[in-house]
Amino acid sequence: MTMRLSKRLERIPPYLFVEVDRKIAEKKAAGVDVISFGVGDPDIPTPESIVETLIDKSGNPEHHRYPSYFGLDEFRGAASRWVEQRFGVRLDPDREVLPLIGSKEGIAHLALALLDPGDLALVPEPSYPVYEMGTILAGAEPYFMPLKRENGFLPDLSAVPEEVAERAKVLWLNYPNNPTGAVAEGPLFAEAIEFAKKHDIVLAHDNAYSEITFDGFVAPSLLEFKGAVDVGIEFHSLSKSFNMTGWRIGFACGNPQVLEALGTVKTNIDSGIFNPIQLAGVTALEKEAGSAARMRDTYQSRRDYLVDEFSGLGWEITPPGGSIYVWMPVPPGFDSVGFSTHVLDRTGIFFTPGNAYGPSGEGYVRISLSVPTGRMEEAVSRLKEAFRS
Ligand SMILES: *Cc1c(COP(=O)(O)O)cnc(C)c1O
């Protein structure tokens, strides 16, 4: 018997990394020592002080009951102080900060707070898949804004047709960008705020990689720009900055009306974050800026190493300005999947085909920097063996 599932699920393509994982599993089953540059998931452990806070606080029975829907005052306070110190933006911790079970949860749920069937969401592509999937799960339609190399992988808002802008209710941005590694400076944010105001659209910026930028570039917050809080919210994640992907903690901040709407969705779906995890998040935000800085240095040296070695193979590669990814054009004569498969078959090394993140990703592969340095060196030596002409 075939179960009758929802129509909305039929519109969801299979999760990207399911296919990826299956392919890699096949190789492994055949005895290949696969080195995957596929998933962006920090390989270095969470800083010790954060782990210690969790252990210490989880013994307290007060924390064994349901947490508050809107998070602990301590976490909201620490998040607002972190935003103020890091970006110079003052937020009301009660109305302008909302804790999340990882930023992915908030990104997906924001669609339910803003979109009805028939509405449009302006979604960059290639991109982190959740902006599109959240839109589809809400019954709405994504309108894709291609990110092109000649525009520095920034969207061209002036290319969005007037009637599309009128139907759209949310505009997604993400800088430092996954998967292209691009960073954005002031003009994009200022333009996006103006665009959002003009068309009465919520501007949602995903700043998951704010702490991972290179060559001295410091990523801004959307909220630093004039008028941003009138139209926008920003998503922050502790996952990449503090090596906490498994912990599931982040927060949204900015426009209080939008946060209240997101909070209403969440109140009816989840019941908050385990308090000791929030308190561990406080430790991260208050005490671990130094380890975020060390992570940035680690990724920068891995980036420099790969860019250097891959250039030596004749592969054309531009160093990313931020994020934990190198976005590399495939060599002439290949498409994304063709090149990825070729490299996997010849060397047991996996690069994610760029078109997995959207049609404009065709012609690229995404190479994650969250691979231990020793494994990276092993990969480089295999690649040299196979591809040095
Ligand atoms: C990793 C990632 C996130 C998700 O972070 P969580 O807080 O772990 O849910 C969000 N956005 C982008 C672009 C990411 O790459």
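Residues numbered from 1 in each chain as written. Predicted model: local features only at pLDDT ≥ 70, side-chain atom pairs only at ≥ 80, totals over all residues. Heavy atoms only, no water.

Overview of the overall build of the protein
At step 1: Across its full length, the protein carries 14 helices and 12 strands.
At step 2: By the compact-globule yardstick of 21 Å for 389 residues, the protein fits well, its C-alpha radius of gyration being 21 Å.
At step 3: Put simply, the protein has 389 residues, and 55% of those count as buried.
At step 4: Long-range contacts, defined as pairs at least 24 residues apart, comprise 74% of the intrachain contacts of the protein with a sequence gap of at least 6.
At step 5: Separation between the mean location of the 37 positive side-chain charges and that of the 53 negative ones in the protein comes to 3 Å. (Helix = DSSP H or I, 4+ residues; strand = E, 2+ residues; numbered from the N terminus. Rg over C-alpha atoms; globule rule 2.2 N^0.38 Å. Buried < 20%, exposed > 50% of the residue type's maximum accessible area, 1.4 Å probe, protein only. Contact = heavy atoms within 4.5 Å. Lys, Arg positive; Asp, Glu negative; His and termini not counted. Charge placed at Lys NZ, Arg CZ, Asp CG, Glu CD.)

Quick word on the pairing of strand β6 (residues 202–206)
At step 1: Summarising burial for β6: five of the five residues are buried, a large majority.
At step 2: With burial as the criterion, each face of β6 is covered, one bearing V202, A204 and D206 and the other bearing L203 and H205.
At step 3: Across four bridges, strand β5 (residues 168–173) lies against β6 in parallel orientation. Pairing of W172 across the sheet is with A204, part of β6.
At step 4: Crossover handedness for the path β5 to helix α8 (residues 186–199) to β6: right-handed.
At step 5: As paired strands, β6 and strand β7 (residues 232–237) are joined by four bridges and run parallel to one another. By the bridge assignment, A204 is partnered in β7 with I233. (Pairing = 2+ DSSP bridges. Right-handed = clockwise from strand over helix to strand, strands pointing away.)

Let's talk about the side chain of S237
At step 1: With respect to the secondary-structure elements, S237 resides in strand β7.
At step 2: Within the structure, the side chain of S237 is placed 3.0 Å from the backbone nitrogen of S239, a separation counted as a polar contact.
At step 3: Those residues in contact with S237 that sit more than four places away from it in its chain are S103, A208, I249 and G250. (Polar contact = N/O pair within 3.5 Å; in protein donor to acceptor, adjacent residues only side chain to side chain.)

As for the site of the ligand
At step 1: The environment of the ligand is formed by 14 residues, the closest being D206, Y209, S237, S239 and K240.
At step 2: At a separation of 2.9 Å, an oxygen atom of the ligand approaches a polar side-chain atom of N178.
At step 3: Contact between the ligand and K240: an oxygen atom at 3.3 Å from a side-chain N or O atom of the residue.
At step 4: Partitioned by chemical class, the residues of the shell around the ligand number four nonpolar, six polar and four charged. (Near = heavy atom within 4 Å. Nonpolar A, V, L, I, M, F, W, Y, C, P; charged D, E, K, R; others polar.)

As for the environment of K384
At step 1: Note on placement: K384 falls in helix α14 (residues 373–387).
At step 2: When neighbours within four sequence positions are excluded, K384 is seen to be in contact with E309 and L313.
At step 3: Polar contacts involving the side chain of K384 include one to the side chain of E309, which spans 3.0 Å.

Side note on helix α10 (residues 256–267)
At step 1: In a regular helix each residue adds 1.5 Å, so 12 residues correspond to 16 Å; α10 covers 16 Å between its end C-alpha atoms and thus fits that length.
At step 2: Every buried residue of α10 is accounted for by P256, V258, L259, L262, G263, V265 and K266.
At step 3: Of the surrounding elements, those touching the buried residues of α10 are β2 (97–100), α5 (103–114), β6, α9 (228–231), β7 and β8 (250–254).
At step 4: At the N-terminal boundary of α10, the capping side chain belongs to N255, with an oxygen 3.0 Å from the backbone nitrogen of Q257. (Expected span 1.5 Å × (residues − 1).)

Considerations on the environment of E105
At step 1: Relative to the elements of secondary structure, E105 occurs in helix α5.
At step 2: Looking at E105, the relative accessible area reads 13%, which means it is buried.
At step 3: Taking the C-alpha atoms as reference points, E105 and I24, separated by 81 residues in sequence, lie 27 Å from one another.

A few points about a negative patch on the surface
At step 1: Among the surface-exposed residues, E162, E163, E166 and D200 lie close enough to one another that they form a single negatively charged patch.
At step 2: Position of E163 relative to the elements: it lies in helix α7 (residues 162–167). (Patch = residues over 30% accessible without salt bridge, like charges linked within 9 Å, V, L, I, M, F, W, Y side chains within 5 Å. Areas by Shrake-Rupley, 256 points an atom, 1.4 Å probe, with all protein chains shown as cover. Salt bridge = Lys/Arg side-chain N within 4 Å of Asp/Glu carboxyl O.)

What about the nonpolar core?
At step 1: Counting 55 residues, the largest nonpolar core has L122, L171, L203, L238 and F251 as its most contacted members.
At step 2: Put simply, the parts of the chain that give this core at least two residues each are α4 (73–87), β3 (120–125), α7, β5, α8, α9, β8 and α11 (275–287).
At step 3: Here this core spans two domains, since at least three of its residues come from each of domain 1 (7–45 + 290–387) and domain 2 (48–287).
At step 4: Excluding residues within four positions of it along the chain, L203 makes contact with L171, L173, A192, I193, A196, L222, V231, G232 and I233.
At step 5: Membership of the second largest hydrophobic core comes to 33 residues, among which are L306, I317, V326 and F339. (Core = buried A, V, L, I, M, F, W, Y, C linked by side-chain atoms within 4.5 Å. Domains from an automatic or database assignment.)

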